[in-house]
Amino acid sequence: MCQDDKPGFLYHFDNLEDPRIDRKKLYPLTEILFVVICASICGAQSWRDFVTFGEEKLEYLQRFLPFVNGIPSKNTFARVFASLSPDEFKQCFIAWVQSFQQALGNLIAIDGKTLRKSGVCQRK
């Protein structure tokens, strides 16, 4: 399960069970998750997009995590996410997003509707 009593991305996903065999873990789960979350926020939609994002932003990503082995392949991203427990991931993700609201005290729109004003009725 997740530790939601500590702030930060890594803390919320730290206890997410990594189903991979220890001797085959070339990329830490936290690095894989970090790339996918950051890339998704920036518009990535496919495993290939995650690789491209990671390779282009590697220097930036290394400010937060070591990425000793670089960025995983698209197949590695796909295998890891296929093997994760969706319920555990969901709980960790929700706890992480809720930590924003606790820290800022407001609702945070992450889908862009507010910025585009598509969720607001316009009166003449």
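Residues numbered from 1 in each chain as written. Predicted model: local features only at pLDDT ≥ 70, side-chain atom pairs only at ≥ 80, totals over all residues. Heavy atoms only, no water.

On to the packing of aromatic side chains. Scanning all chains against the criterion turns up 13 aromatic pairs. Plain terms: the ring middles of F9 and F34 are 5.5 Å apart, the flat faces sit at 55° to each other, and that makes the pair tilted. With a gap of 25 residues between them, F9 in helix 1 (residues 9-13) and F34 in helix 2 (residues 29-41) connect regions that are remote in the sequence. Comparing F9 with F34 shows no difference in burial state: the two are buried. (Phe/Tyr/Trp six-rings, centres within 6.5 Å; stacked < 30°, edge-to-face > 60°. Helix = DSSP H or I, 4+ residues; strand = E, 2+ residues; numbered from the N terminus. Buried < 20%, exposed > 50% of the residue type's maximum accessible area, 1.4 Å probe, protein only.)

Core analysis: the biggest nonpolar cluster contains 26 residues, and L61 and F77 have the highest contact counts within it. For this core, the secondary-structure elements that each account for two or more residues are helix 1, helix 2, helix 3 (47-56), helix 5 (74-83) and helix 6 (86-104). Here this core gets nine residues from one element, more than from any other, and that element is helix 2. Among residues more than four places away in sequence, those in contact with F77 are I32, V35, V36, W47, F50, V51, I71 and P72. (Core = buried A, V, L, I, M, F, W, Y, C linked by side-chain atoms within 4.5 Å. Contact = heavy atoms within 4.5 Å.)

This part is about the pattern of salt bridges. This model, assessed by the stated rule, comprises three salt bridges. A salt bridge links D18 to R20; the nearest nitrogen and oxygen atoms lie 2.7 Å apart. Its relative accessible area of 17% is what places D18 among the buried residues. In this structure, the salt-bridge partner of D18 is K25, at a minimum N-O distance of 3.6 Å. (Salt bridge = Lys/Arg side-chain N within 4 Å of Asp/Glu carboxyl O.)

Of the residues in the protein, 79% have a pLDDT of 70 or more, and the chain-wide mean is 85. Highest mean pLDDT in the protein belongs to helix 3 (98); lowest belongs to helix 7 (residues 113-116) (58). (pLDDT = per-residue confidence, 0-100.)

A few words now on the state of the cysteines. By the definition in use, this model includes zero disulfides. In this structure C38 is not part of a disulfide, and its nearest cysteine sulfur, from C42, lies 6.9 Å away. Judged by relative accessible area, C42 falls into the exposed class, the value being 58%. (Disulfide = S-S within 2.5 Å.)

Moving on: the environment of P19. Looking at the secondary structure, you find P19 in the loop between helix 1 and helix 2. Classification of P19 as partly exposed rests on a relative accessible area of 37%. Distance from P19 to S83, taken between C-alpha atoms, is 6.4 Å for residues 64 residues apart in sequence.

Attention now goes to the environment of A39. Within the element layout of this structure, A39 appears in helix 2. Separated by ten residues in sequence, A39 and D49 have C-alpha atoms that sit 7.6 Å apart. With residues up to four places along the chain from it excluded, the contact list for A39 reads A44, F50 and F53.

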